[in-house]
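# Examining the three-dimensional arrangement
Chain by chain, the residues run as shown.
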Amino acid sequence: MSTWRDIWTEASALDRAELLRKDDDWLATSWRSPRSWLVQTVGPGRIAMAEQTSLPRLRPRGTFDAQRHFFLGTLAEQGAEPRAVFTTLEHEDALPEGLTAISLRTAVPQLPGPEADIAVAATAICQWNHRDRFCPGCGNASTVTDGGFARWCDTCERFTFPRNDAAVIAAVLDDDDRILLGHQKSWGGGRVSVLAGFVESGESLEQAVHREIGEEVGVRLREVSYLGSQPWPYPRSLMVAYFARAADTRVRVDDMEIVDADWFTREQVARVIAAQDDAVAASGRGASGWPDGAESTTRDVALGGVPISLPGPGTIARRLIEAWLADETGLSVPAQTPGSPDAPPHA
Ligand SMILES: [Zn+2]
């Protein structure tokens, strides 16, 4: 199983082969190669799979069609030519026998690193080409180029490229090392998470963290520290994760996006994660963000009287929480307030 760290912070095993994707003859020849590999996506965020722990080894079939067969890159293999990886968007009822559409959110935490990269890139590229078929300049249909990584408009004579919507996600900590977790209006049950929001035009990532936390919970921040990022192609976000130190602890939720939020201790959060992971393992359904009944043994850890549940493995929100529990926040140690029990004795 992949951990968040080894998937998203190391070099990808998928060589995106920028020069090869521009070579139409090479793409058509590779499509016919018995060594090439096809990944079928099914609508937003779903992949055709037989099991959740590996991608099926499908071979491309039929004639290569550059308008719907997209080239993701190559995988190096010992003692052999690199293997070309293609993807296409398929209707659910046209999938090969034995395959069903499985959610990437469920599958990605269980896939080996290279396959997780391929699955995420496949859904991102298929969805972009499906949703953005028309030129934003003139409204005419554009055509696929560069193996699906660009589209060309003959009328405007210009390219468009896949868009990534940057969003910041921040674990806010107070001077007592508690974490701020909020409940969104659109979420069911006791689901809580760290806070997130889209970056606006003309804004830095750090400025977006300050603004979003201020808007959603009214907390000012003293320090912001980068953790890492994760593609989140549902449909096209790039999540950029930060730790932040609160300058004050009074919470005033905006009641628009966040309807409740509060501070939780390490002991409380670690207990909920352990109970939730046990419930997922016992259910036998594989990784799931919010398993039913996970709160039954941790009823006392609640927000607004409702037992909380936390983000599942494979999400950057969960990674932030785990990094905090492991003391890997990158934030400076909070200043000790005079008279607090842990303050060092004055010389
Ligand atoms: Zn145009």
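Residues numbered from 1 in each chain as written. Predicted model: local features only at pLDDT ≥ 70, side-chain atom pairs only at ≥ 80, totals over all residues. Heavy atoms only, no water.

The next point concerns helix α2 (residues 24-32). Those residues of α2 not exposed but buried are L27, S30 and W31. Seen from one end, α2 has its buried residues packed into an arc of 105°, which puts them on one side. Residues of α2 that are exposed and angled more than 90 degrees away from the buried face: D25 and R32. Buried residues along α2 sit against β2 (37-41), β4 (70-77) and β5 (80-89). With a side-chain oxygen positioned 3.2 Å from the backbone nitrogen of D25, the residue opening α2 is D23. (Buried < 20%, exposed > 50% of the residue type's maximum accessible area, 1.4 Å probe, protein only. Helix = DSSP H or I, 4+ residues; strand = E, 2+ residues; numbered from the N terminus. Arc of directions from axis to C-beta. Contact = heavy atoms within 4.5 Å. Polar contact = N/O pair within 3.5 Å; in protein donor to acceptor, adjacent residues only side chain to side chain.)

Looking now at the pattern of salt bridges. A complete count under the given rule lists 23 salt bridges for this structure. The salt bridge partner of R163 is D165, with a shortest N-O separation of 2.8 Å. For R178, the salt bridge is made with D174, and the minimal N-O distance between the two is 2.7 Å. Take D174: its relative accessible area is 1%, and that puts it in the buried class. A single network of salt bridges, built from pairs that share partners, joins E200, E203, R211, E212 and E215. (Salt bridge = Lys/Arg side-chain N within 4 Å of Asp/Glu carboxyl O.)

Moving on, we get to the coordination of the zinc ion. Taken together, C135 (SG), C138 (SG), C153 (SG) and C156 (SG) make up the protein donors of the zinc ion, found 2.3 to 2.4 Å from the metal. Taken together, the four donor atoms coordinating the zinc ion and their angles of 101 to 117° define a geometry best described as tetrahedral. When the donors of the zinc ion are listed by position in the chain, the intervening gaps give C-x2-C-x14-C-x2-C. Placement of the pair is C135 in the loop between α4 (113-131) and β7 (143-145) and C156 in the loop between β8 (150-153) and β9 (158-160), with a sequence separation of 21 residues. Here C135 falls in the buried class, since its relative accessible area comes to 5%. (Donors = N, O, S within 2.8 Å, 3.2 Å for Na, K, Ca; no water. Tetrahedral: all angles 85-135°; square planar, octahedral: opposite > 155°, others 65-115°.)

What follows is about the domain arrangement of the chain. Per the domain assignment, the segments of the chain are domain 1 (4-160) and domain 2 (165-325). Taken together, the contacts link 16 residues of domain 1 with 17 residues of domain 2. Both sides of the domain 1 and domain 2 interface together cover about 1,400 Å² of buried area, and 62% of this is carbon and sulfur. Seen at the junction of domain 1 and domain 2, the total is one salt bridge. Two residues, R236 and D132, come together in a salt bridge whose shortest N-O distance is 3.3 Å. The interface formed by domain 1 and domain 2 holds one residue pair in polar contact (both at pLDDT 80 or more) in total. Broken down by element, the residue count for the side of domain 1 that touches domain 2 peaks at five residues, all from α4. The residue makeup of the side of domain 1 that touches domain 2, split by class, is seven nonpolar, five polar and four charged. (Domains from an automatic or database assignment. Buried area = accessible area lost by both parts, 1.4 Å probe. Nonpolar A, V, L, I, M, F, W, Y, C, P; charged D, E, K, R; others polar.)

Our next topic: the sheet that holds β9. Two strands in a sheet stick together by hydrogen bonds in their backbones, pointing the same way (parallel) or opposite ways (antiparallel). A sheet is described by the order of its strands in space; here three strands give the open sequence β7-β8-β9, paired in antiparallel fashion. Strands with a single pairing partner mark the edges of an open sheet, and in this sheet they are β7 and β9. Averaged over neighbouring strand pairs, the angle between their axes works out to 40° when direction is ignored. In terms of strand pairing, β8 meets β9 through three bridges, oriented antiparallel. Along β9, the bridge assignment pairs R151 with T160. (Pairing = 2+ DSSP bridges. Axes fitted to C-alpha atoms, helices over the stretch in contact; angles between N-to-C directions.)

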